[in-house]
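Results of the structural survey
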Amino acid sequence: MRGQIVKTSVDVAGSGFAVIDRLYERGSKQQESLGGSCANVLWSLAMLNRSVVPILSLGDDATGFEMVHEFESVGADTRYITRHAGRLSPVLVQFLDATTGEHHFSFTCPDTSTRFPAYRPIELSELDAARPIVENCAVFYSDRISPAIVEAMRATAEAGGIVYFEPSAVSDEALFRQALRYTSIIKFSEERLGHVLRPHLSEMQIFGMVTHGERGLEVVHGNYEVSCSAITAPRVLDTCGSGDMVSVGLIDRLLGAAATAATLSLEHVVAGARAGQSLASANCGFVGARGLFRELGAAAARQALDTRH
């Protein structure tokens, strides 16, 4: 039954937007690394010594190899990343202005003006091998949906695990509504999806994390709302990945509390949100969505997570 407390063998499984992120600054490429919210969250949690299983569909090319290698380098279990012959793996370009910390993205190569390969979600056939994972994970994370991803959400929810859903848009309303049936926590931007989701949070009886950019966020559950003001960053070089770091902090805190869908509380979510905001604030001082981890390592990230504000 959904909400049943189960013994889990995996901390976090996830499927969603994972790409190679090419960072350009002042017109030239500065670095290339794993990117996309799903990849950033899973990689960072693996760095924090959580057991992590990405379930992805990639090409059997150099880009796909690079993505798998980055996950392997932090100890993630990559057995459920499917590599397809004849397919190219997805790439995204980030243009950064380090003087302001602002950035924007493009799916077109700035050097050749050609369109990069697009992200593709997993198929049901690719999920089949990973069913024991999604049925035995404490948390399932996704920032995209497809029939296979929603099926994974269902499997986790019915086994008593927490489903963490971070949508950026609603493309398929019927599938989206189905995903919400299995969601424990939904994180979304007020600007992008507030008009769609905010009116229904109380009736859905799931935990909502509503982000307001520089103004912070709110945690909403039923008739309860808790405002969490933004934590001022000591320095700002790059704000990319701030939202992902909030998710990392929340999921890490839930794992530390051994929370399940049945025991999840407002206190759990608020404490996790504040830990994530602290991590996001510290991460702004480094270039790249996971700059703090890359420059100073997991110990510095853990220190940021444990800082009280």
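Just so it is clear, the model here is predicted, and its values are computed rather than measured.

As a further point, take the sheet that holds strand S4 (residues 52-54). The eight strands are arranged S4-S1-S9-S10-S11-S12-S13-S14 in an open sheet whose pairing can be described as mixed. Here the strands that pair on one side only, and so sit at the sheet edges, are S4 and strand S14 (224-228). Within the sheet, the average angular offset between the axes of one strand and its neighbour, ignoring direction, is 15°. Strand direction decides the pairing type here: strand S12 (residues 207-211) and strand S13 (residues 217-221), joined by four bridges, are antiparallel. Along S13, the bridge assignment pairs Gly-208 with Val-220. Sheet strands in contact with helix H7 (residues 190-197) are strand S11 (185-189) and S12, and its direction is about 125° off that of S11.

In this section: the environment of Val-220. Topologically, Val-220 is positioned in strand S13. Owing to a relative accessible area of 3%, Val-220 belongs among the buried residues under this scheme. Val-220 sits 190 residues away from Gln-30 along the chain, and the two C-alpha atoms are 39 Å apart. Apart from the residues within four sequence positions on either side, Val-220 is in contact with Arg-198, Leu-201, Ile-206, Phe-207, Gly-208, Val-210 and Glu-225.

To continue, consider the packing of helix H1 (residues 37-47) against helix H2 (residues 62-73). Contact pair H1 / H2: the axes reach a minimum separation of 9 Å and the direction vectors enclose 30°. The pairing of H1 with H2 is recorded here as roughly parallel in orientation. Where H1 approaches H2, its residues Ala-39, Leu-42 and Trp-43 are matched on the opposing element by Glu-70, Phe-71 and Ser-73. Its residues placed into classes, the contact of H1 with H2 shows four nonpolar, one polar and one charged.

Its location among the elements puts Thr-63 in helix H2. Every residue in contact with Thr-63, bar those within four places of it in the chain, is listed here: Ile-20, Ser-89, Pro-90 and Val-91.

Looking now at the packing of aromatic side chains. Enumeration according to the criterion identifies four aromatic pairs in this entry. Ring centres of Phe-17 and Tyr-119 lie 5.7 Å apart, and the angle between their planes is 75°; this geometry places the pair in the edge-to-face category. Of this pair, Phe-17 sits in the loop between strand S1 (10-14) and strand S2 (19-25) while Tyr-119 is found in the loop between strand S8 (102-106) and helix H3 (124-128), placing the two residues 102 residues apart along the sequence. On the basis of relative accessibility, which here comes to 9%, the residue Phe-17 falls in the buried class. A centroid spacing of 6.0 Å and a plane angle of 85° characterise the contact between Trp-43 and Phe-293, whose relative ring orientation is edge-to-face. Of this pair, Trp-43 sits in helix H1 while Phe-293 sits in helix H11 (residues 291-296); the two residues are 250 residues apart in sequence, bridging distant segments of the chain. For the pair formed by Trp-43 and Phe-293, the shared burial category is buried. For Arg-144, the ring lying beneath its charged end belongs to Phe-17, and the centroid distance is 4.5 Å.

The rules behind the values
- Residues numbered from 1 in each chain as written.
- Predicted model: local features only at pLDDT ≥ 70, side-chain atom pairs only at ≥ 80, totals over all residues.
- Heavy atoms only, no water.
- Pairing = 2+ DSSP bridges.
- Helix = DSSP H or I, 4+ residues; strand = E, 2+ residues; numbered from the N terminus.
- Axes fitted to C-alpha atoms, helices over the stretch in contact; angles between N-to-C directions.
- Contact = heavy atoms within 4.5 Å.
- Buried < 20%, exposed > 50% of the residue type's maximum accessible area, 1.4 Å probe, protein only.
- Parallel < 35°, antiparallel > 145°, perpendicular 65-115°, else oblique.
- Nonpolar A, V, L, I, M, F, W, Y, C, P; charged D, E, K, R; others polar.
- Phe/Tyr/Trp six-rings, centres within 6.5 Å; stacked < 30°, edge-to-face > 60°.
- Lys NZ or Arg CZ within 6 Å of the ring centre and 35° of its normal.

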